[in-house]
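Each chain, written out:
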Amino acid sequence: MKILFTCSEVQPLVKTGGLADVAASLPKALAQLGHDVRILLPAYPQAVAHCSIHARHEFEGPAGAGALLETRLPGSDITVWLLDAVWAFQRSGNPYLDASGMPWADNPYRFAFLSRVAVEVARNRMALDWQPEVVHCNDWQTALVPALLTLEDERPATLFTIHNLAYQGVFSADVFQHLGLPEAFWHHQSLEFFEQVSFMKGGLVYADRITTVSPSYALEITGPSFGCGLDGLLRQRSHDLVGIINGVDDDEWNPAHDPHIAQRFTAQSFESKALNSRALRLELGLPERPDLPLVALIGRLVEQKGIDLILDCLEAMLELPLQLVILGSGHAAFEQALEQAAARYPERMAIRMGYDEGLAHRIEAGANLFLMPSRFEPCGLNQMYSQKYGTLPLVHAVGGLRDTVVDADDRALLSGDATGFSFHEATGACLLETLKRALGIWQYPDMWARMALKGMLKDFSWEASARQYLAQYELAIRARKSS
Ligand code: ADP
Ligand code: GLC
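Criteria and cut-off values
Residues numbered from 1 in each chain as written. Chains lettered and ligands numbered in written order. Predicted model: local features only at pLDDT ≥ 70, side-chain atom pairs only at ≥ 80, totals over all residues. Heavy atoms only, no water. Near = heavy atom within 4 Å. Polar contact = N/O pair within 3.5 Å; in protein donor to acceptor, adjacent residues only side chain to side chain. Areas by Shrake-Rupley, 256 points an atom, 1.4 Å probe, with all protein chains shown as cover. Nonpolar A, V, L, I, M, F, W, Y, C, P; charged D, E, K, R; others polar. Helix = DSSP H or I, 4+ residues; strand = E, 2+ residues; numbered from the N terminus. Phe/Tyr/Trp six-rings, centres within 6.5 Å; stacked < 30°, edge-to-face > 60°. Salt bridge = Lys/Arg side-chain N within 4 Å of Asp/Glu carboxyl O. Pairing = 2+ DSSP bridges. Contact = heavy atoms within 4.5 Å. Axes fitted to C-alpha atoms, helices over the stretch in contact; angles between N-to-C directions. Buried < 20%, exposed > 50% of the residue type's maximum accessible area, 1.4 Å probe, protein only. Core = buried A, V, L, I, M, F, W, Y, C linked by side-chain atoms within 4.5 Å.

A. Local environment of the site of ligand 2. Near ligand 2, the surroundings consist of Gly18, Leu19, Val22, His163, Asn164, Val213, Asn246, Gln304, Glu377, Pro378, Cys379 and Gly380. Within the contact set of ligand 2, an oxygen atom lies 2.9 Å away from a side-chain nitrogen or oxygen of Asn246. Look at ligand 2: alone it shows 310 Å² of surface, and the protein chains cover 92% of it. Classifying every residue of the shell around ligand 2 gives 5 nonpolar, 6 polar and 1 charged.

B. Layout of the site of ligand 1. The local shell around ligand 1 holds 20 residues, among which Gly18, Arg300, Lys305, Gly354 and Leu381 are the closest. Asp356 places a main-chain nitrogen or oxygen 3.1 Å from a nitrogen atom of ligand 1. Looking at the shell around ligand 1, the elements that each hand over two or more residues are helix 1 (18-32), strand 13 (294-301), strand 14 (323-330) and helix 14 (382-388). A per-element tally of the shell around ligand 1 places strand 13 first, with 3 residues.

C. View of the packing of aromatic side chains. By the definition in use, this model includes 18 aromatic pairs. Relative to Trp186, the ring of Phe176 lies with its centre 4.8 Å away and its plane at 45 degrees, an arrangement referred to as tilted. One end of the pair, Phe176, is in helix 6 (residues 173-179); the other, Trp186, is in the loop between helix 6 and strand 9 (192-193), with 10 residues separating them in the sequence. On the numbers, 6.1 Å between centres and 35 degrees between planes, the contact of Phe421 with Trp448 is tilted. Of this pair, Phe421 sits in strand 18 (residues 421-423) while Trp448 is found in helix 18 (residues 445-456), placing the two residues 27 residues apart along the sequence.

D. A look at the pattern of salt bridges. Under the counting rule described, the total for this entry stands at 23 salt bridges. Between Glu315 and Arg344 there is a salt bridge, with the nearest N and O atoms lying 2.4 Å from each other. With Glu315 in helix 11 (residues 307-318) and Arg344 in helix 12 (residues 332-344), this residue pair connects regions lying 29 residues apart in the sequence. Residue Lys454 pairs with Asp417 through a salt bridge whose shortest N-O separation is 3.9 Å. Placement of Lys454 in helix 18 and of Asp417 in the loop between helix 16 (410-415) and strand 18 is noted, with a sequence separation of 37 residues between them.

E. Here's a closer look at the sheet that holds strand 10 (residues 196-198). Here 3 strands make up an open sheet; going across it, the order is 8-10-9 and the pairing antiparallel. The open sheet is flanked by strand 8 (170-171) and strand 9, the only strands paired with a single partner. Relative to strand 10, strand 9 runs antiparallel, the two being bridged by 2 bridges. Each residue of the ladder has a partner; that of Phe193, found in strand 10, is Gln196. Sheet strands in contact with helix 7 (residues 199-206) are strand 8, strand 9 and strand 10, and its direction is about 55 degrees off that of strand 10.

F. Highlighting the sheet that holds strand 3 (residues 55-61). Reading across the sheet, the 9 strands line up as 3-4-5-2-1-6-7-11-12 and stay open at both edges, with mixed pairing between neighbours. The outermost strands of the open sheet, each flanked by one partner alone, are strand 3 and strand 12 (241-243). Between one strand and the next, the sheet's axes are offset by a mean angle of 25 degrees, whatever the strand orientation. The pairing of strand 1 (residues 2-6) with strand 2 (residues 36-42) spans 5 bridges and is classified as parallel. Bridging from a neighbouring strand, Ile3 pairs with Val37 of strand 2.

G. Geometry of unusual backbone geometry. A cis amide bond, omega 0 degrees, links Gln11 with the succeeding residue Pro12. Inspection of the secondary structure assignment puts Pro12 in the loop between strand 1 and helix 1. Of note in the backbone geometry, Asp129 takes a positive phi value of approximately 55 degrees without being a glycine. Mapped onto the elements of the fold, Asp129 is located in the loop between helix 4 (107-122) and strand 6 (134-138).

H. Expanded view of the pairing of strand 5 (residues 79-84). Burial analysis of strand 5 places 6 of its 6 residues in the buried class, the great majority of the element. Because side chains alternate across strand 5, one face comprises the buried residues Thr79, Trp81 and Leu83, and the other comprises Val80, Leu82 and Asp84, equally buried. Note that strand 2 and strand 5 share 4 bridges and pair parallel. Within strand 5, the position partnered with Ile39 by the bridge is Val80. When strand 4 (residues 64-72) meets strand 5, the two strands line up antiparallel, connected through 6 bridges. Of the residues in strand 5, the one forming a bridge with Leu68 is Leu83.

I. Region of interest: the nonpolar core. Residues Leu68, Val117, Ile162, Leu204, Met317, Leu324 and Phe421 are the most contacted members of the largest nonpolar core, which totals 169 residues. For this core, the element with the highest residue contribution is helix 4, accounting for 9 residues.

Printed below as a string of structure tokens:
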């Protein structure tokens, strides 16, 4: 099958979160199953710096003017087209935010441009001599593609994946006018959303099939608590909506061959993990206390990730027999509060602000317990990385966290299925309670190791999920044909 995969970030070219991991590893898994996948992505300077360009296709047409820089996804044969245009993508810094952390003012125009170019590629009008059967779009940045493709006489099938419904690409009516979209799109059953334009609705209304990144999140977003105002529409489309859990890219995340970590290990040499804990304490300046579990958190320090829950119980947490390690960046207020706590408890807590891929790996390898108290979590990747690295996740039971972590209740402990800890109420008190439960099990190293090994031996590979995507592509093609 020929699949055009389009999105706004791909690891290792450019990454702000899990979308980038998925956008690299799903195409690789599809290619391994024998399919022809090609990726369309903006030519941000950091992405261009990462690869060698094999060809440059200049264009000028209905989508505007620019060039497609042709390259390969590092470590694969997958063709990547980087969309280059000075006004849209040639600027340094974060793909979505300016230096003060505010969204770039021209984001709707930048990503509408990406979407229009995707349509041209999808219709084989870019002199690339390639016609996809399916276009797979991801999140609001590429959500106009399914809408725009319905304006074509002939078009490939479309599949839209929601990685996070909370970011919808909603802009003023004024922006809608400037985008030059057909007036017919200004309708509540189209892109209009409470008198604004919603890019996300382009995917939700017009894609032949819709997926999201876990079965639980697929259900949650059809209700008002997690539906972000779009639950009614998602209920209408519930027959076309499924949840497919993300996998883990074994080339990137496997303690047996991870180049970033002090000591490689497998389930058979689980005891070597302790050397990574020792190295991590040394790197972060924490006293060597192997009797205390190293508890970690890596991620965007934003409300979604439940950072406020941690702050609610942080003092009490740091009085418990543990050491806490945090790597992340995000809201200034969260950063400051965490930094202040680390300064008050230097023996107990270490924090690193910023983005550090290598340290993220060393934390997964060295930590014993990994916190993900997210208020909502479409899938979440670190709870899966943790299990592969013998680090027990402690999670709020929502979305993908609920689908991938088996809580150590009495039954699961007895059956040997437990791989972590989960709690059901998003409060600091529940998080603390669950942390104490985990510390209780830490007292029994055999029981702890049994849980860690169960997680390490679980199958988080992409193959099964890639096959589910293929089934959805088939359904999208069938829906397209019968429409
Ligand atoms: P989200 O996409 O909502 O941020 P995910 O759990 O899906 O959450 O993915 C986050 C990804 O970004 C993971 O690969 C995680 O390791 C990585 N990550 C997040 N923050 C940092 C950071 N400060 N340094 C290194 N990696 C990070
Ligand atoms: C989003 C979600 C996260 C998910 C990732 C990749 O950023 O917040 O839960 O794992 O996309 O699908």
